[in-house]
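Survey of secondary and tertiary structure
Here are the chains, one letter per residue:
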Amino acid sequence: MPTLIVLRHAKAVAGFGTADIDRVLNDRGRRDAAAAGEWLRANDLVPEHVLCSPAARTRETLGLLAVGAEVSHEPGIYDNDPEGLLALITEAPEEAGTLLLVGHNPSVHQLVHDLTGRAPESFPTCAIAVIDLPGAWSDARPGLGTLRTVRTPKG
């Protein structure tokens, strides 16, 4: 049974004078991302493959997770479309038992809801949702997933 980990990037600096795609993490974001990586390792949730937005804040979040997985930087994740995210998931390498998607709100929050039929009321920066999916990645469809757990930086 494949496991999908959906992660919203950690807290970024305000965008004043910087292109959105170039925004980096602030101090809290760096701390939260490192703590999220520790949580993933402690819960045996280290992915074999990562789908990551090309934005600076998602790339920095991923680097601080220190999961050491193969990474695909996917421009479509930055487009913030939940249907596009699902399409990327269905194309994930079948040998990857655990897949991590690092992206942006509102699409990551909507993806969690679409796949599981439920989601937390909010999905703050550095929130993690762990979803079990039946069958292969190529079979992923709305409503087929089971939300195993949600983790946020504040608890």
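Below you will find a few notes about this structure. (Residues numbered from 1 in each chain as written. Predicted model: local features only at pLDDT ≥ 70, side-chain atom pairs only at ≥ 80, totals over all residues. Heavy atoms only, no water.)

All right, on to unusual backbone geometry then. Pro-106 follows Asn-105 through a cis peptide bond whose omega is 5°. In this fold, Pro-106 is placed in the loop between strand 4 (98–103) and helix 5 (107–116). The phi torsion at Ala-66 lies on the positive side, around 55°, for a residue other than glycine. Here Ala-66 shows up in the loop between helix 2 (56–65) and strand 3 (70–73). Even without being glycine, Asn-80 reaches a positive phi, approximately 65°. Here Asn-80 lies in the loop between helix 3 (75–78) and helix 4 (82–90). (Helix = DSSP H or I, 4+ residues; strand = E, 2+ residues; numbered from the N terminus.)

Spatially, 3-2-4-1-5-6 is the arrangement adopted by the six strands of the open sheet, whose pairing is mixed. At either margin of the open sheet sits one strand with a lone partner, and together these are strand 3 and strand 6 (146–151). Averaged over all pairs of adjacent strands, the angle between their axes in this sheet comes to 20°, without regard to strand direction. As judged from the five bridges shared by strand 1 (residues 3–8) and strand 5 (residues 128–132), these two strands associate in the antiparallel manner. Bridge pairing in strand 5 links Thr-3 to Asp-132. Against the sheet, helix 4 touches strand 1, strand 2 (49–52) and strand 4, its axis set at about 150° to strand 4. Running at roughly 150° to strand 1, helix 5 makes contact with strand 1, strand 4, strand 5 and strand 6 of the sheet. (Pairing = 2+ DSSP bridges. Axes fitted to C-alpha atoms, helices over the stretch in contact; angles between N-to-C directions. Contact = heavy atoms within 4.5 Å.)

Here Arg-8 is to be found in strand 1. Nearest to the buried, unbridged Arg-8 among oppositely charged side chains is Asp-20, at 9.7 Å. A polar side-chain atom of Arg-8 sits 2.9 Å from the main-chain carbonyl oxygen of Phe-123. Leave out the neighbours within four places in its chain, and Arg-8 touches Gly-103, Asn-105, Val-108, Phe-123, Pro-124, Thr-125, Cys-126 and Ala-127. (Buried < 20%, exposed > 50% of the residue type's maximum accessible area, 1.4 Å probe, protein only. Lys, Arg positive; Asp, Glu negative; His and termini not counted. Salt bridge = Lys/Arg side-chain N within 4 Å of Asp/Glu carboxyl O. Polar contact = N/O pair within 3.5 Å; in protein donor to acceptor, adjacent residues only side chain to side chain.)

Another point: the nonpolar core. Counting 24 residues, the largest nonpolar core has Leu-4, Val-6, Ile-89, Ile-131 and Trp-137 as the members making the most contacts within it. Beyond its immediate stretch of four places on either side in the chain, Leu-4 contacts Ile-89, Leu-99, Leu-115, Ala-129, Val-130, Ile-131, Leu-133 and Trp-137. The next biggest cluster of nonpolar side chains, apart from the first, holds 19 residues, and it includes Ile-5, Ala-10, Ala-33 and Ala-69. (Core = buried A, V, L, I, M, F, W, Y, C linked by side-chain atoms within 4.5 Å.)

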